[in-house]
Amino acid sequence: MRIEFPGLFDLQVNGFAGVDFNRPGLSTGELDRAAEAMLRTGVTRFLPTLITAPLDDFMACARVLARWPHSGSAGIHAEGPYLSPTEARGAHPPQYLLAASGEDFRRRQDAAEGRIVLVTLAPEVPGALALIEHLVGSGVRVAIGHSNAAPAQVRDAVRAGATLSTHLGNGCAPGLPRHPNLIWEQLAADELTACFIADGHHLPAATLKSMVRAKTPARSALVTDATAGAAAPPGRYGLGRLEIERSDDGRVVLPSTTKLAGSALTLDQAVARAVRETGLALEDVLPMASTVPAASVGASPAGRVAAEWDAGAGSLTIVGVDGA
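Structure report, in brief.

Cut-offs and rules
- Residues numbered from 1 in each chain as written.
- Predicted model: local features only at pLDDT ≥ 70, side-chain atom pairs only at ≥ 80, totals over all residues.
- Heavy atoms only, no water.
- Helix = DSSP H or I, 4+ residues; strand = E, 2+ residues; numbered from the N terminus.
- Buried < 20%, exposed > 50% of the residue type's maximum accessible area, 1.4 Å probe, protein only.
- Contact = heavy atoms within 4.5 Å.
- Areas by Shrake-Rupley, 256 points an atom, 1.4 Å probe, with all protein chains shown as cover.
- Lys, Arg positive; Asp, Glu negative; His and termini not counted.
- Charge placed at Lys NZ, Arg CZ, Asp CG, Glu CD.
- Axes fitted to C-alpha atoms, helices over the stretch in contact; angles between N-to-C directions.
- Nonpolar A, V, L, I, M, F, W, Y, C, P; charged D, E, K, R; others polar.
- Polar contact = N/O pair within 3.5 Å; in protein donor to acceptor, adjacent residues only side chain to side chain.
- Expected span 1.5 Å × (residues − 1).
- Core = buried A, V, L, I, M, F, W, Y, C linked by side-chain atoms within 4.5 Å.
- Pairing = 2+ DSSP bridges.

**Some words on the overall build of the protein**
- Helix and strand content of the protein: ten helices and 16 strands.
- Along the first, second and third principal axes, the C-alpha set of the protein runs to 50 × 45 × 40 Å.
- Out of the 324 residues belonging to the protein, those deemed buried represent 56%.
- Contacts spanning at least 24 positions in sequence make up 70% of the contacts within the protein whose residues lie at least 6 apart.
- When the accessible surface of the protein is split by element, carbon and sulfur atoms take 51% of a total near 12,400 Å².
- Distance between charge centres in the protein, computed from 28 positive and 33 negative side chains, equals 2 Å.

Take a look at the structure:
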């Protein structure tokens, strides 16, 4: 069945098609190549995402991204460095994590020429609540992520103005208490739009189904957390100063470990998997990858996507993009 829908909008893209957005020295030609590959998956707008790194590395990458004259780039997502130093940090290098600081963020935003539109932080980090209030007051959206916060700290972050959850169900400490914990608290917070990585590696099918039911599709956003290994063959790639490995089945880890380090997911694949795993209709899932994430950062999707939908197989094939 041939269908059309608004262009897809990805809030979290660390790299794509062999290109690492976190590598200083990145060229606009490489960025153009990555954006062209994303367009073939139906993504017409996205947030290039910079993870925790030395300040000089972050600033070098931010300057290139800020001056990249591509209509698909809707701003920069800064994932860190104000994250939990516990295992909740995931693959973020612990030596570069920092307490939350308005002065530190100002340096990063200056390098990005005001293009940082989303910051992921852990609300329990010293200075986090004051920074959330500062960011929200300046028009920057705040997401809770890579956190080991107590439920009360999650509530404090929401009151301070946080409005998103970064890859909910991931980026948290192993062995959480059954309840209460920060996952339940974010699921229950109607003020938060929850982002999910529907790649079959980050969340089991039953977990994704239950979480989307709890948040409802109107407060659920599909993201990829894509790395240079997305739309690329199996092998080793860079993620800033890290080396990552993409396996044959699309799982991306730190080499010789089981620790996830982003994904090889594309957003059209995420839509198809979410339909299969949640039992929702395609027309209910598509906004989770377009209008919902766009609205969460005060933006709109761009262009229209034509695709073939095979309901029996649960597969989506992009066939064209117009007006992006």
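**Section: the packing of helix H2 (residues 55–66) against helix H3 (residues 102–111)**
- With their axes 7 Å apart at the nearest point, H2 and H3 run at an angle of 35° to one another. Along the contact surface, H2 presents Leu 55, Phe 58, Met 59, Ala 62, Arg 63 and Ala 66, while H3 presents Asp 104, Arg 107, Arg 108 and Ala 111.
- Class assignment for the residues of the contact of H2 with H3 results in six nonpolar, no polar and four charged.

**Quick notes on the side chain of Thr 49**
- Its location among the elements puts Thr 49 in strand E5 (residues 43–51).
- A relative accessible area of 0% places Thr 49 in the buried class.
- Only 3.0 Å separates the side chain of Thr 49 from the backbone oxygen of Leu 47, close enough to count as a polar contact.
- In this structure Thr 49 touches Leu 11, Gln 12, Val 13, Asn 14, Phe 21, Asn 22, His 77 and Glu 79, once residues within four positions along its chain are discounted.

**What about H2?**
- With twelve residues, H2 extends 16 Å from end C-alpha to end C-alpha; this agrees with the ideal 16 Å at 1.5 Å per step.
- Buried within H2 we find Asp 57, Phe 58, Met 59, Cys 61, Ala 62, Leu 65 and Ala 66.
- Contact partners of the buried residues in H2: helix H1 (28–39), E5, strand E6 (76–79), H3 and strand E7 (116–121).

**Some remarks on unusual backbone geometry**
- Following Gly 80, the chain continues to Pro 81 via a peptide bond in cis, the omega torsion being 10°.
- Relative to the helices and strands, Pro 81 resides in the loop between E6 and H3.
- The residue after His 179, namely Pro 180, is reached through a cis peptide bond having omega -5°.
- Unusually for a residue other than glycine, His 167 sits at a positive phi of about 30°.
- Position of His 167 among the secondary structure elements: in the loop between strand E9 (164–165) and helix H6 (182–188).
- The phi torsion at Ser 256 lies on the positive side, around 65°, for a residue other than glycine.
- Tracing the chain through its elements places Ser 256 in the loop between strand E14 (252–253) and helix H8 (267–278).

**A look at the nonpolar core**
- Ranked by size, the top nonpolar core spans 91 residues in total, and within it Phe 5, Phe 21, Val 119, Leu 121, Phe 196, Leu 222 and Leu 316 carry the most contacts.
- If you tally residues by element for this core, the top one is H8, at six residues.
- If we skip the residues at most four places from it in the chain, Val 119 touches Ala 78, Tyr 82, Phe 105, Leu 135, Val 140, Arg 141, Val 142 and Ala 143.

**Notes on the sheet that holds E7**
- With parallel pairing, eight strands are arranged side by side in an open sheet as E2-E5-E6-E7-E8-E9-E10-E11. Edge positions in the open sheet fall to strand E2 (8–13) and strand E11 (220–223), since each of these has one partner strand only.
- Across the face of the sheet, H2 comes into contact with E5, E6 and E7 while running at roughly 160° to E5.
- Across the sheet, H8 is in contact with E2, E5 and E11; its angle to E11 comes to roughly 130°.

**Re the pairing of strand E12 (residues 235–239)**
- Of the pairings in the sheet, the one linking E12 to strand E13 (residues 242–246) comprises five bridges and is antiparallel in character. Residue pairing in the sheet places Gly 235 in a bridge with Arg 246 of E13.
- Counted between consecutive antiparallel strands, the loop separating E12 from E13 contains two residues, among which Gly 240 sits at a positive phi close to 65°.

**Points about the sheet that holds E14**
- The antiparallel open sheet is built from three strands, whose spatial order is E12-E13-E14. Pairing within the sheet leaves two strands with one partner each, and these edge strands are E12 and E14.
- Pairing geometry for E13 and E14, over two bridges, is antiparallel. For Arg 246, the partnering residue across the bridge sits in E14 and is Val 252.

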